[in-house]
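Summary of the model geometry
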Amino acid sequence: MSDAMTTTTRPEDILGYWIDEVGPEGWYRQDDAVDETIRTRFRDAWDEGMEGAYALWLTYPSGVLAYAILMDQFPRNMFRDDPRAYASDRVASAAAKQAIGRNWDIRIDEPARQFFYLPLMHAENLCDQDRCVRLICERMPETGADNLVHAKAHREVIRRFGRFPHRNGVLGRNSTADETAFMEEGGYGRVVREIKEPA
């Protein structure tokens, strides 16, 4: 599918909703109403993106930002406890990396800039995790403190296991004994607490 076909969603639609309407206070708070709004307004756009639409969005900074939100963040809202939550991670990551390589992320103000880095934070790849931590340290000096805690926590989980154990059930993966123990002992939340309050 190309942008010339019948796609009706614009980058401005995504950015206007997510950046301006939901805003930082709602980005990471589970809210059934927000999830339903995203499904209603943007599920078709996500389907189109999975078919290869929106290539033109990848030619300018705000377009890539909208694409990254559509393909990385919105599936996590639309498809909670469903494998599709992670189905478009790779295309989101590729787009984000291309934009970062061109320094387009710098042209987007904080805190929205973080959505260039979240596809790296969501990757089950230690190199991407290291890069995410570095980028937040270097490129989010004003609003990145909380993001940095979570970037370090994601990296620590990948360093230990090479994947995110909390995804195993949804993705049909068998958990190791170490992963099961990790989840029973508090999982990701415990890692975050350890980073915030080191012994």
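Residues numbered from 1 in each chain as written. Predicted model: local features only at pLDDT ≥ 70, side-chain atom pairs only at ≥ 80, totals over all residues. Heavy atoms only, no water.

Regarding its fold elements, the chain presents 10 helices and zero strands. Seen in sequence order, the chain has helices and strands lined up from the N terminus as α-α-α-α-α-α-α-α-α-α. The buried share of the chain, reckoned over its 199 residues, is 48%. Residue pairs in contact within the chain that sit at least 24 positions apart in sequence constitute 65% of those at least 6 positions apart. As presented, the chain carries roughly 10100 Å² of accessible surface, and 48% of it is formed by carbon and sulfur atoms. Separation of charge centres in the chain, based on 26 positive and 34 negative side chains, amounts to 5 Å. (Helix = DSSP H or I, 4+ residues; strand = E, 2+ residues; numbered from the N terminus. Buried < 20%, exposed > 50% of the residue type's maximum accessible area, 1.4 Å probe, protein only. Contact = heavy atoms within 4.5 Å. Areas by Shrake-Rupley, 256 points an atom, 1.4 Å probe, with all protein chains shown as cover. Lys, Arg positive; Asp, Glu negative; His and termini not counted. Charge placed at Lys NZ, Arg CZ, Asp CG, Glu CD.)

Relative to the helices and strands, Thr176 is located in the loop between α8 (168-171) and α9 (177-184). Residues Thr176 and Asp105, 71 residues apart in the sequence, show an inter-C-alpha distance of 37 Å.

Applying the stated rule across the entire model yields 20 salt bridges. Arg139 is paired through a salt bridge with Asp105; the nearest N and O atoms lie 2.8 Å apart. Here Arg139, found in helix α6 (residues 126-139), pairs with Asp105, found in the loop between α4 (89-101) and α5 (118-121); they are 34 residues apart in sequence, far enough to count as distant. With relative accessibility at 18%, the residue Arg139 sits in the buried group. With relative accessibility at 0%, the residue Asp105 sits in the buried group. The shortest N-O distance in the salt bridge between Arg163 and Glu179 comes to 2.7 Å. Here Glu179 lies in helix α9 and Arg163 lies in the loop between α7 (145-161) and α8, a separation of 16 residues in the sequence. (Salt bridge = Lys/Arg side-chain N within 4 Å of Asp/Glu carboxyl O.)

Along the chain, Glu110 connects to Pro111 via a cis peptide bond; the corresponding omega equals 0°. In this model, Tyr54 sits at a positive phi of 75°, which is unusual for a non-glycine residue. Under the relative-accessibility criterion, Tyr54 is labelled buried at 1%. One non-glycine residue with positive phi stands out, namely Asn103, at about 60°. On the secondary structure map, Asn103 appears in the loop between α4 and α5.

As a further point, take the packing of α7 against helix α10 (residues 187-196). Two elements in contact, α7 and α10, have axes separated by 9 Å at closest approach and are oriented at 120°. One way to sum up the angle between α7 and α10 is to call them oblique. Here the hand of the crossing between α7 and α10 comes out right-handed. Across from Asp146, Val149, His150, Lys152, Ala153, His154, Glu156, Val157 and Arg160 in α7, the residues of α10 making contact are Tyr188, Val191, Val192, Glu194, Ile195 and Lys196. When the residues that make up the contact of α7 with α10 are grouped by side-chain class, the tally is seven nonpolar, two polar and six charged. (Axes fitted to C-alpha atoms, helices over the stretch in contact; angles between N-to-C directions. Parallel < 35°, antiparallel > 145°, perpendicular 65-115°, else oblique. Left-handed = near helix turned anticlockwise from the far one by under 90°. Nonpolar A, V, L, I, M, F, W, Y, C, P; charged D, E, K, R; others polar.)

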